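One letter stands for each residue in the lines below.
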There are 2 protein chains.
Amino acid sequence: MGEFELIDRFFKRRTPASGAVALGIGDDCALLRPAPGMQIAISTDMLVEGRHFLPDVDPEHLGHKALAVNLSDLAAMGAEPLGCTLALALPPERARDAGWLTALARGLFALADAHACPLIGGDTTAGPLNLCLTVFGQVPAGQALRRDGAQAGDHIWVSGTLGHARLALGALRGEWTLPPAVLAAARQRLERPTPRLALGRALRGIAHSAIDVSDGLLGDLGHILKASGTGASIDAAAASRLLAAGAALDAETLRTAALAGGDDYELVFTAPPAARAAVLRAGHASATPVSRIGTITAGTGLRLLGADGQPLRQTYASFDHFARS
Amino acid sequence: MGEFELIDRFFKRRTPASGAVALGIGDDCALLRPAPGMQIAISTDMLVEGRHFLPDVDPEHLGHKALAVNLSDLAAMGAEPLGCTLALALPPERARDAGWLTALARGLFALADAHACPLIGGDTTAGPLNLCLTVFGQVPAGQALRRDGAQAGDHIWVSGTLGHARLALGALRGEWTLPPAVLAAARQRLERPTPRLALGRALRGIAHSAIDVSDGLLGDLGHILKASGTGASIDAAAASRLLAAGAALDAETLRTAALAGGDDYELVFTAPPAARAAVLRAGHASATPVSRIGTITAGTGLRLLGADGQPLRQTYASFDHFARS
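Bear in mind that the values here come from a model prediction, so they are computed numbers and not experimental data.

Draft legend 1. Quick look at the overall build of chain A. Helix and strand content of chain A: eleven helices and twelve strands. At 20 Å, chain A has a C-alpha radius of gyration in line with the 20 Å of a compact globule built from 325 residues. C-alpha atoms of chain A, sized along the principal axes, occupy 65 × 50 × 35 Å. Taking all 325 residues of chain A together, the buried fraction comes to 60%.

And the structure:
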């Protein structure tokens, strides 16, 4: 199968799902038609076999996740998806595997359709398996949720739950065992994360800052603190409660998974205390649980407080793609 | 060196080169501010070691080329660059090689600066060496140069020269030898292609269709013919004259390089006969040579005509990333 046949067969669709697409797959460039007054939000992520996914990954999950991690970045900016591109390097045995490619496309398109984010272009080549997704969204000028807007006194909130992806990864690696039902649920979080797009849009004009949790809560919150020039105190027990383990693991393992586990793709965001009711309404309107886990502080540094309100002494390292290599 | 330190050290610049960038590197998304009435043109290309470049490639040339091939797609649409993202998978020895990364960034930024196309975001990860560049441009709504606008009777034009990149590749592969000065000039075309952005913009409202020559003249022209539902006749001698070989290679080798050699990154475009003077003015205004090589015909099929006006019987296969794998 040639390069163009592969694109036609698995990835080209005649009708884009969104009126924002002026020209889709099949020319030198795709063309997007943003609404007046909108800025274009752009994020790109590269997924490498053996690092972001295992060789025996379910290709449908891989298609879902490759797009989900990018949509999560749009969510963290409060942007509405417009479209995406996929650049794909395939080893020869994958390029010949119609079943694998069909499943990859199915996972990608199912999530793309759910969020009106059509595939508008891309590239395919032979090479070690690598997926590079780039997503485009729009957000009214000046309303994007950025990392640099946190203010002392802001409450710190997290959507959904934390740490389940790390629990699943540890079980798959043999670090611990989980009851089958717990593993299945945790694995769903690892393999099919939910981008919090509706919540992100609902938080426009309410949140002062936001980021998505890809490398671990504390590390990603750290990016907000650095960009905003603030510190934070975190209620470790409140954050840990967002991990419903259902497993006989020790408390420190669970706390580490909740505070530093990667791949959650929840939003962590800050908002002034007076916006508490508005935050809860945004969560309700988007059918997304939101929980307060701490407070932005003046100065710098991140303090973890225990149940007694006293600082914890443990430190937690977030994921870094080169530090572990 | 960690992932974030690597980005900060080699790829993050404080001041974007363009007023169209509302937010650059350092948040979940970059934000572009298109001018009113503009559509956003998007192209992505993935470059894989061993396929698009050799392991001993000069990293400065690699940085140039990775961006150039994408800018060439903007040129082929008549779009003006706004910015680009770079997703980069690096093996551990490259991630530790400050000299290599500095040179890669130097090549990329030099071309980015020349075309006001700042790096606004990206991703880095460990993995087999892979560069995925995505570029963003803007073009007035309805004025993009597309593949599907060719009309019977249109003249077919090509910018610059053809086949030198293929000559250099053949020499590097040992298929033939070239005099040192000829090889140096041809290698420059292979390693540091020139995106024809000024010409593309000058052809708005003049050309009926356009594409850039990445896989070979005949193959890329074939995309125009397929999209437009037309045929073409090509003056093989006129096309071959665009290859100034200066080398003792047989005529058929040279013709193959000109007609089917990839990596030229020239524009092939069509325009009505009445636009002949306007095409020449666009070439002059953009300091880009343009040459007519044929005519769009009704019906389908691509006929190659010899110096005697009679059809040639040879066929020429353009590059396909999977057909050769």
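After that view of the structure, there is still more to cover.
Draft legend 2. Layout of the domain arrangement of chain A. Residues and elements named next belong to chain A. The assigned domain composition of chain A is domain 1 (8-25 + 32-140) and domain 2 (155-305). For domain 1 and domain 2, the distance between their C-alpha centres works out to 25 Å. Taken together, the contacts link 21 residues of domain 1 with 16 residues of domain 2. In this assembly, domain 1 packs against domain 2 so that about 1600 Å² is buried in total across both faces, 59% of it on carbon and sulfur atoms. The salt bridge partner of Asp263 is Lys65, with a shortest N-O separation of 2.9 Å.

Draft legend 3. Up close: the side chain of B:His61. By the secondary structure assignment, B:His61 is in helix H2 (residues 59-77). Residues in contact with B:His61, not counting those within four places in the same chain, are B:Glu191 and B:Arg192.

Draft legend 4. The packing of H2(B) against helix H4 (residues 98-114) of chain B, seen in detail. Residue and element names in this part refer to chain B. Running from amino to carboxyl end, H2 crosses H4 at an angle of 35°, the nearest separation of the two axes being 6 Å. Crossing geometry of H2 relative to H4 is assigned as right-handed. Contacts from Pro59, Glu60, Leu62, Gly63, His64, Leu67, Ala68 and Leu71 of H2 reach H4 at Trp100, Ala103, Leu104, Arg106, Gly107, Leu108, Leu111 and Ala112. Here the contact of H2 with H4 is built from residues that sort into eleven nonpolar, three polar and two charged.

Draft legend 5. Representation of the relation of the copies chain A and chain B within the structure. Take chain A, turn it by 180°, move it 0.0 Å along the axis, and it overlays chain B with an RMSD of 0.0 Å. The relationship between the two copies is best expressed as a two-fold rotation axis. Both copies contact each other with a shared surface, as 100% of the interface residues of chain A are interface residues in chain B too.

Draft legend 6. Looking closely at the side chain of B:Ser228. All names here are of chain B. Positionally, Ser228 belongs in helix H8 (residues 217-228). A distance of 3.0 Å separates the side chain of Ser228 from the backbone nitrogen of Ala150, its partner in a polar contact. Excluding residues that lie within four positions of it along the chain, Ser228 makes contacts with Arg147, Asp148, Gly149 and Ala150.

Draft legend 7. Here's a closer look at the environment of B:Leu6. Within the secondary structure, B:Leu6 is located in helix H1 (residues 3-11). A C-alpha to C-alpha distance of 9.3 Å links B:Leu6 and B:Arg96, two positions 90 residues apart in sequence.

Draft legend 8. Region of interest: the environment of B:Pro92. Secondary-structure assignment places B:Pro92 in helix H3 (residues 92-95). In this structure, the C-alpha to C-alpha distance between B:Pro92 and B:Gly127, residues 35 residues apart in sequence, is 7.9 Å.

Draft legend 9. Summary view of the interface of chain A and chain B. Taken together, the contact between chain A and chain B spans 66 residues of the former and 66 residues of the latter. The salt bridge involving B:Asp27 is made with A:Arg147; its shortest N-O contact spans 3.6 Å. At the boundary of chain A and chain B, one finds 15 residue pairs in polar contact (both at pLDDT 80 or more). The biggest single contributor to the side of chain A that touches chain B is strand S3 (residues 38-48) of chain A, with ten residues. The residue inventory of the side of chain A that touches chain B, partitioned by class, reads 35 nonpolar, 16 polar and 15 charged. Here S3(A) pairs with strand S2 (residues 30-32) of chain B via three bridges, running antiparallel. Paired with A:Ile40 across the two strands is B:Leu32, which belongs to S2(B).

Draft legend 10. Quick look at helix H4 (residues 98-114) of chain A. Residues and elements named next belong to chain A. When the terminal C-alpha atoms of H4 are compared, their 24 Å separation across 17 residues agrees well with the 24 Å that a helix rising 1.5 Å per residue should span. Within H4, the full set of buried residues consists of Trp100, Leu101, Ala103, Leu104, Ala105, Gly107, Leu108, Phe109, Leu111 and Ala112. Once H4 finishes, Ala116 follows within two positions and takes phi at roughly 50°, a positive value.

Draft legend 11. Region of the structure containing the pairing of strand S7 (residues 155-159) of chain B. All names here are of chain B. Counting buried positions along S7 gives five out of five residues, so the element sits mostly inside the fold. Residues His155, Trp157 and Ser159 of S7 are buried on one face, and the alternating residues Ile156 and Val158, pointing to the opposite face, are buried as well. Here S7 pairs with strand S11 (residues 290-297) via five bridges, running antiparallel. Along S11, the bridge assignment pairs Trp157 with Arg292.

Draft legend 12. View of the pattern of salt bridges. Within this structure, the stated rule accounts for 24 salt bridges over all chains. A:Arg146 is the salt-bridge partner of A:Asp148, the closest N and O atoms lying 3.0 Å from each other. The class for A:Arg146 is partly exposed, based on a relative accessible area of 28%. Linking B:Glu175 and B:Arg173 is a salt bridge whose minimum nitrogen-to-oxygen distance equals 3.2 Å. Put simply, A:Asp27, A:Asp28 and B:Arg147 are held in one network by salt bridges that share partners.

Draft legend 13. Looking closely at the sheet that holds strand S12 (residues 301-305) of chain B. Residue and element names in this part refer to chain B. Pairing within the open sheet is mixed, and its six strands lie in the order S8-S10-S7-S11-S9-S12. Looking at the sheet topology across the chains shown, the edges are occupied by strand S8 (209-212) and S12. Along the sheet, successive strands turn relative to each other by an average axial angle of 25°, direction set aside. With four bridges joining them, S7 and strand S10 (residues 267-271) adopt antiparallel strand pairing. Counterpart to Val158 in the pairing with S10 is Val268. Of the strands in this sheet, S8 and S10 touch H2, which is tilted by about 175° from S8. On top of the sheet, H8 reaches S7, S8, strand S9 (231-235), S10, S11 and S12; it is set at about 145° to S8, its chief contact.

Draft legend 14. Fine view of the pairing of S11(B). When S9(B) meets S11(B), the two strands line up antiparallel, connected through four bridges. Across the sheet, B:Gly231 pairs through a bridge with B:Thr297, a residue of S11(B).

Definitions and cut-offs
Residues numbered from 1 in each chain as written. Chains lettered and ligands numbered in written order. Predicted model: local features only at pLDDT ≥ 70, side-chain atom pairs only at ≥ 80, totals over all residues. Heavy atoms only, no water. Helix = DSSP H or I, 4+ residues; strand = E, 2+ residues; numbered from the N terminus. Rg over C-alpha atoms; globule rule 2.2 N^0.38 Å. Buried < 20%, exposed > 50% of the residue type's maximum accessible area, 1.4 Å probe, protein only. Domains from an automatic or database assignment. Contact = heavy atoms within 4.5 Å. Buried area = accessible area lost by both parts, 1.4 Å probe. Salt bridge = Lys/Arg side-chain N within 4 Å of Asp/Glu carboxyl O. Axes fitted to C-alpha atoms, helices over the stretch in contact; angles between N-to-C directions. Left-handed = near helix turned anticlockwise from the far one by under 90°. Nonpolar A, V, L, I, M, F, W, Y, C, P; charged D, E, K, R; others polar. Least-squares fit on C-alpha atoms with pLDDT ≥ 70 in both. Polar contact = N/O pair within 3.5 Å; in protein donor to acceptor, adjacent residues only side chain to side chain. Pairing = 2+ DSSP bridges. Expected span 1.5 Å × (residues − 1).

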